[in-house]
Amino acid sequence: MLKRITLVVVLLAIAAVAVWRLRKPGGDASIPSGLTQATSPTAAAVPPLGLRLRVAVGDPSASAMLTVTLFNRASRQAALNRAADAGRAAQPAPPAPAPVRVDLTAAEWLSRIDIDELRADGTKARINGVTVRQAPSAVALENDVTAVVSLECPPGSLPAAGAKLVATFRSDSGPIESDPADVPPVARPSTNALTAALADARVARIANDIDRLARAAVIIEREAPSSVEAPYYRGLVQEARGERDAALASYRSALDRMSRGRYSEPPDELVFLIRRLQGGRR
Amino acid sequence: MVNRLIRFLAVVVVAALAAAPLASRISAQAPRGDASGGRWVGRASGELRRVGVGPYVLPALGTEPGGPSDQSGTVVTTWTAEIRLKESTTPVDVKDAAGAVVGRLVPLVDDGSTVTLGISGRMTERSHYGDIEYWDYTGSGIAPEARVASIGGGAFLSGWVYYSVSDHDPLADILPNGAYSLLGTPQVLNGFAIKVTHVDAGHPDQPHVNNMRSGGTGSWMGGYALWSWSRMTPAERVAKRFGIDGNSISVDGVRQALTATKATMRDVMSADPKSYVIANSVMDGRMAGVPKESLSEKTTVSSEWHLEREIHLSGSLKRVDRDWRPKKDDKVTATAAIDPASNLTGTFRFTLFDVSRERGYAINAGWDTSLDLEFAAGQAGFGAATETADGWQIQTAGTSATATVQILAKDYGAYGKLKAEVNVDGHWYPLRAEGGGTSITVPLDDDGNHIADGWEEVWLGLGSPATDDTDELPATPDASEPANRAGDGLSNYEEYRGFMQEESWDFGYPGMRDVFIYDELGHGTGLYSKSGLRIHLIRFKEYDKDRVVNFNRGYATAGPQKALHIMDWGLDPGVAGQASVVGTPNVVDWIRIDTVKASYVQGSVSAAEVIAHELGHGTNLPHHGEASKGTVCAGGDPMITGIKGGQYSGDWHCIMRYTSAIQYEGWDGNCYLAPAQQGPRESFCRSKAGTELNAGPQRMEEMYPYPMAGDATVGACMNHLTVRGTARNGG
């Protein structure tokens, strides 16, 4: 098992990119620190990775989910540029930035990621007790490929709704900080059971926690038995437990309950779930 | 009478002034050392006023035959000169006893001065015998024309100036640094046309008119130590008097010559001597007095002058590198130099002015409104820069013939002007800018649109207006579509100035429509790049709370332009994506993606398609049609039913087409199970025409009627693609 993070950057590719950026008018070379930067001495070395954080809270007595998404912003932007320039750019397309490979165990992910509350005065306060729920073990970050790490946060460890959290990933080429993410409001099951259950169902899906989803689905069924959500979540639980026919019936029930014109977009996911269970026409 | 007048006018009034020791302040204001080669340019004027006040006696000439007469009246001779004097390039060294040069006497040579003169007035003379005669004087002339006409040339003005080169000049008590002398030459004014009308009161009907030329009209200027009526410098004077080599003169020689000359001056002029010394590179002074020769004190002379030093200094300020365009914290150099042929050195002063103060350092980064260009700190050979109202100024610490200064850009769109001056004698002389005028643009910008020409030529074409926003790519297939599809809300200047995207700077590619997206999810934009738009992913801090991406807009802006915001959102069951409305980024408040569902969506509907579909709505792409509530296919939501011309119609692979139909309404009016594979969606369509299972005539294939949903009612998505403005619903 690897005990360290390895950000393998193909040096030749980086060099080629740097050379390209230098010849391109207005180009900006950004490569990980630690490498020779063949560009203006005033240009700052910026790690090529980007980071996002999303916060989901459900039942306040249960854990909250923190989703950290790591991606190769340099590669992604370059791919977009290439796509836009294809066939019309005055200059040949620059070589694609090298992928950044990340090989980490769950423990290593956790040791590399900090979750902090960003206070109004600019100081940070660490969120303690965070654990890894799900994380990729190896991924080559490039273009739209992401490394999504689901972190679990024990009840009561998050600050109040409206507080801002930031994630920091300590890469070998420097720390990468996410944009601030708001802690969403929490619905108290004692005062609004349906809202709390819907929120908790979403957290359960993020955590891929079928038992928690099942508990939420029961509450939703109880609180809003004729809703679209009731058979929808029931179906998700049934399918996860291998109850194929029951799940299909639940999904169809949900689809039938969808009122005409209520939605501006089709229930792609629901259709997909039904098709997956019943099989397509051909 | 006329002869007396002419002889009187021929008197050159001189002013010889004792040299009072002057403070070192004055020394500091005049050049030291080799500053020869300069010019003195300015104006001078004066008059000679003759007033008759009684019996006129001119002992020097003796009593006129017939005895003394009474005179009354006033005759005034005035002159105004445009002065151009040139410092000789062969100064005379003044040496101390040890042979060290302590100063230089630099002859001043007329270099094309002109003088305009006039005379007017009447003098009435009552003779000893009681006869009354009138003398009316009128006339005018311009030298050197008059001079040339009369005596065939000759300088009007001459003089000299003393430049001390020693802090311990032994002549400081009598000849301070910057002492000068100016002398008008009487002969040059000979030939000045005068009309004198003589009328005998006893015979008023028989005037006698004399058209004549002046014989030297009192040309006169002041100076520090006027040595003689000649144009000799003290050195020449001493050389002539003492037989010393004119190329150099001893300190004692100068002292002797000055002393002797002062005595002469006092004999000529009744006024007290006064010293004249250059101050702030200016010869400025006035004098008035009564020539002793007249004795009767009926004649007064006065003059004043103001000359400024104009060094014959050839130098230039070179343009900055044409390929340089400003980038934050990047530098460019500018070099100023005195023409080596001038053989001069001086202190250089560079001035940045008209410098931009665009907020921040890119259209979406930074907040400060400080000057966008400044001189780099800590430059060798320079003092500290000082800020002015619209720029900066910096000066070399020592003298040199050339100086190169580094200019630091603090903004990717920085612009300003730079001028250079050089000080060789206490006066700042502007240097000629390469390309004309006295300043260069930073960056190089001949068309004045504040976009660097080197960049502009490559990306825009020279002469492009900074405010234009005419980006057309990706092209709209149908040329009849509204012209306002072009543009992306950013002007040429804004695209040139550029933006930060995920903390890296780039510029907008002119000609291509740029769209900005803040992706809160971090999952990217999926297949949206198939639109051909130039997509820029930004961070949260790279747009403002209203989603305006060019929140630092200022010069030549096309107005606010917003970015799209992709956010994570728990949507209704089964729904993976949603846009607030269909319209441009300026009207679409949000793009919501339910990551939980999107991650489940696979197969015929991928997350990349969902994201691209919703982003398409964010650039004014509508669905291919709308659902009909009157469908005969009962039991299902029209959202999942394919009908002719509805959301499922048109190009089979268009990202804006729906692909999750459970059923569809056949052309025979019956409902049929929709095919499981309804994609993939991989492009934005360019026409309404149905393709694949939506294409072709009505037919039956394997018991199913086709086309499934036929041609699109709306479709032709690329015709609707709009980034700027506030278009909605594909309009």
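Predicted model, so just to flag it, every value in this text is computed and none were measured.

Asks: Teacher, can you tell me more about the packing of helix H5 (residues 210-223) of chain A against helix H6 (residues 229-240) of chain A here?
Replies: The description of two helices packed together rests on the angle between their axes and the distance between the axes. Residue and element names in this part refer to chain A. It is at 9 Å that the axes of H5 and H6 come closest, and there the two elements cross at 150°. On the basis of their axis angle, the class for H5 and H6 is roughly antiparallel. Our pair here, H5 against H6, has a crossing hand that is left-handed. Between H5, through Ile210, Leu213, Ala214, Ala217, Ile220 and Glu221, and H6, the contact on the second element is made entirely by Glu229, Ala230, Tyr233, Arg234, Leu236, Val237 and Ala240. Looking at the contact of H5 with H6, its residues break down into 10 nonpolar, no polar and three charged.

Asks: Hey, could you run me through the pattern of salt bridges in this one?
Replies: Pairing is possible between side chains of opposite charge, provided their charged atoms come close. In this structure the tally under the stated criterion is 49 salt bridges over all chains. A salt bridge links Asp179 of chain A to Arg52 of chain A; the shortest N-O distance between them is 3.8 Å. You can see Asp179 of chain A sitting in the loop between strand E10 (174-177) and strand E11 (181-182) and its partner Arg52 of chain A sitting in strand E1 (residues 49-56), a full 127 residues away along the chain. By the burial criterion, Asp179 of chain A is buried, and Arg52 of chain A matches it. Notably, a salt bridge pairs Arg202 of chain A with Asp568 of chain B, separated by 3.0 Å at the nearest N-O pair. Placement of the pair is Arg202 of chain A in helix H4 (residues 193-207) and Asp568 of chain B in strand E29 (residues 564-568), with the two residues belonging to separate chains. With respect to class, Arg202 of chain A is no different from Asp568 of chain B; both count as buried.

Asks: Explain helix H9 (residues 607-617) of chain B to me, please; I cannot follow it from the model alone.
Replies: Along an α-helix, residues three or four positions apart point the same way, because every turn accommodates 3.6 residues. Buried residues dominate H9 of chain B, accounting for nine of its 11 residues. Of all the residues in H9 of chain B, the buried ones are Glu609, Val610, Ile611, Ala612, His613, Glu614, Leu615, Gly616 and His617 of chain B. For H9 of chain B, the secondary structure elements touched by its buried residues are helix H8 (268-278) of chain A together with strand E27 (514-519), E29, strand E30 (577-579) and strand E31 (591-593) of chain B.

Asks: I keep staring at the environment of Glu494 of chain B and nothing clicks. Help me out?
Replies: Residues and elements named next belong to chain B. Along the chain, the position of Glu494 falls in helix H7 (residues 492-497). The spacing of Glu494 and Tyr412 is 82 residues in sequence and 9.8 Å in space, taken between C-alpha atoms. Leaving out residues up to four positions away in the same chain, Glu494 has contacts with Ile363, Gly489, Asn550, Arg553, Thr557 and Ala558.

Asks: Before we go on, may I ask you to explain the environment of Ile640 of chain B in this structure?
Replies: Tracing the backbone shows Ile640 of chain B in the loop between H9 and strand E32 (641-642). Given the relative accessible area of 4%, Ile640 of chain B is considered buried. Sequence-distant contacts of Ile640 of chain B, defined by excluding residues within four places in its chain, comprise Leu255, Pro267 and Val271 of chain A together with Tyr648, Ser660, Ala661, Ile662 and Gln663 of chain B.

Asks: Teacher, can you tell me more about unusual backbone geometry here?
Replies: The general pattern is negative phi for most residues beyond glycine and trans for most peptide bonds. Residue and element names in this part refer to chain B. For the bond from Val442 to Pro443, the omega torsion is 0°, close enough to zero to count as cis. Counting through the fold element by element, Pro443 comes out in the loop between strand E24 (439-442) and helix H6 (453-459). Residue Pro474 is reached from Leu473 by a cis peptide bond, and omega for that bond is 0°. Within the secondary structure, Pro474 is located in the loop between H6 and H7. Notably, Asp354 is not glycine yet its phi reads approximately 50°, a positive angle.

Asks: Got a minute to help me understand the sheet that holds E1 of chain A in this structure?
Replies: Two orientations exist for strands paired in a sheet by backbone hydrogen bonds: parallel and antiparallel. Residue and element names in this part refer to chain A. Taken together, the four strands give an open sheet; going across it, the order is E1-E2-E8-E6, and neighbouring strands pair in antiparallel fashion. Because the sheet does not close on itself, it has two edges, and the strands there are E1 and strand E6 (131-134). Strand-to-strand twist in this sheet, taken as the mean axis angle between neighbours without regard to direction, amounts to 30°. In the sheet, strand E2 (residues 64-72) pairs with strand E8 (residues 146-153) via eight bridges, with the strands oriented antiparallel.

Asks: Please explain the pairing of strand E4 (residues 101-110) of chain B as it appears in this structure.
Replies: Within a regular beta strand, the side chains point alternately toward one face of the sheet and then the other, so they alternate between its two faces. Residues and elements named next belong to chain B. Taking burial as the measure, the 10 residues of E4 include seven buried ones, the bulk of the element. With four bridges connecting them, strand E3 (residues 92-95) and E4 associate as antiparallel partners. When the sheet's bridge partners are listed, Asp93 is paired in E4 with Arg104. A loop of five residues connects E3 with E4, the two strands running antiparallel in sequence, and Gly99 in this loop sits at a positive phi of about 90°.

Asks: How should I be thinking about the confidence of the model for chain A in this particular structure?
Replies: Close reading of the predicted structure is inappropriate where its pLDDT is low. Here chain A averages 81 in pLDDT, while 78% of its residues score no lower than 70. Predicted confidence is poor over residues 1-44 of chain A, with pLDDT under 50, and the contacts of this stretch with residues over four places away or in other chains come to 97 contacts.

Asks: I tried to follow the nonpolar core on my own but got confused; where do I start?
Replies: Tyr233, Tyr251 and Leu270 of chain A are the most contacted members of the largest nonpolar core, which totals 40 residues. Looking at this core, the elements with two or more residues in it are H4, H5, H6, helix H7 (244-257) and H8 of chain A together with strand E36 (704-706) of chain B. The greatest single-element share of this core, amounting to six residues, is contributed by H8 of chain A. With sequence-adjacent residues up to four places away left out, Tyr251 of chain A is seen in contact with Tyr232, Gly235, Leu236, Glu239, Leu270, Leu273, Ile274 and Leu277 of chain A. The next biggest cluster of nonpolar side chains, apart from the first, holds 34 residues, and it includes Trp324, Ala336, Ile338 and Val422 of chain B.

Asks: Would you mind showing me how to read the packing of aromatic side chains here?
Replies: By convention here, two paired aromatic rings are described through the distance between centres and the angle between planes. Residue and element names in this part refer to chain B. Under the criterion given, the structure shown has 28 aromatic pairs over all chains. Cation over ring: Arg325 sits above Tyr496, and NZ or CZ is 4.1 Å from the ring centre. Directly above the aromatic system of Tyr509 lies the positively charged group of Arg534, at a separation of 3.5 Å from the ring centroid.

Asks: Could you clarify how one ought to interpret the environment of Leu171 of chain B in this entry?
Replies: Residues and elements named next belong to chain B. Tracing the backbone shows Leu171 in the loop between strand E7 (157-164) and strand E8 (180-184). Given a relative accessible area of 0%, Leu171 falls into the buried group. The spacing of Leu171 and Gly103 is 68 residues in sequence and 8.8 Å in space, taken between C-alpha atoms. Not counting the four nearest positions on each side in its chain, Leu171 is found in contact with Val94, Tyr162, Pro176, Val251, Val254 and Arg255.

Asks: I keep staring at the sheet that holds strand E33 (residues 663-665) of chain B and nothing clicks. Help me out?
Replies: Residue and element names in this part refer to chain B. Spatial ordering of the open sheet is given by E32-E33-E34, a layout of three strands whose pairing is mixed. Each edge of the open sheet is held by one strand with a lone partner, namely E32 and strand E34 (671-673). As defined by bridge partners, E32 adjoins E33 across two bridges and the pair is classed as parallel. By the bridge assignment, Thr641 is partnered in E33 with Gln663.

Thresholds, definitions, all that
- Residues numbered from 1 in each chain as written.
- Chains lettered and ligands numbered in written order.
- Predicted model: local features only at pLDDT ≥ 70, side-chain atom pairs only at ≥ 80, totals over all residues.
- Heavy atoms only, no water.
- Axes fitted to C-alpha atoms, helices over the stretch in contact; angles between N-to-C directions.
- Helix = DSSP H or I, 4+ residues; strand = E, 2+ residues; numbered from the N terminus.
- Parallel < 35°, antiparallel > 145°, perpendicular 65-115°, else oblique.
- Left-handed = near helix turned anticlockwise from the far one by under 90°.
- Contact = heavy atoms within 4.5 Å.
- Nonpolar A, V, L, I, M, F, W, Y, C, P; charged D, E, K, R; others polar.
- Salt bridge = Lys/Arg side-chain N within 4 Å of Asp/Glu carboxyl O.
- Buried < 20%, exposed > 50% of the residue type's maximum accessible area, 1.4 Å probe, protein only.
- Pairing = 2+ DSSP bridges.
- pLDDT = per-residue confidence, 0-100.
- Core = buried A, V, L, I, M, F, W, Y, C linked by side-chain atoms within 4.5 Å.
- Phe/Tyr/Trp six-rings, centres within 6.5 Å; stacked < 30°, edge-to-face > 60°.
- Lys NZ or Arg CZ within 6 Å of the ring centre and 35° of its normal.

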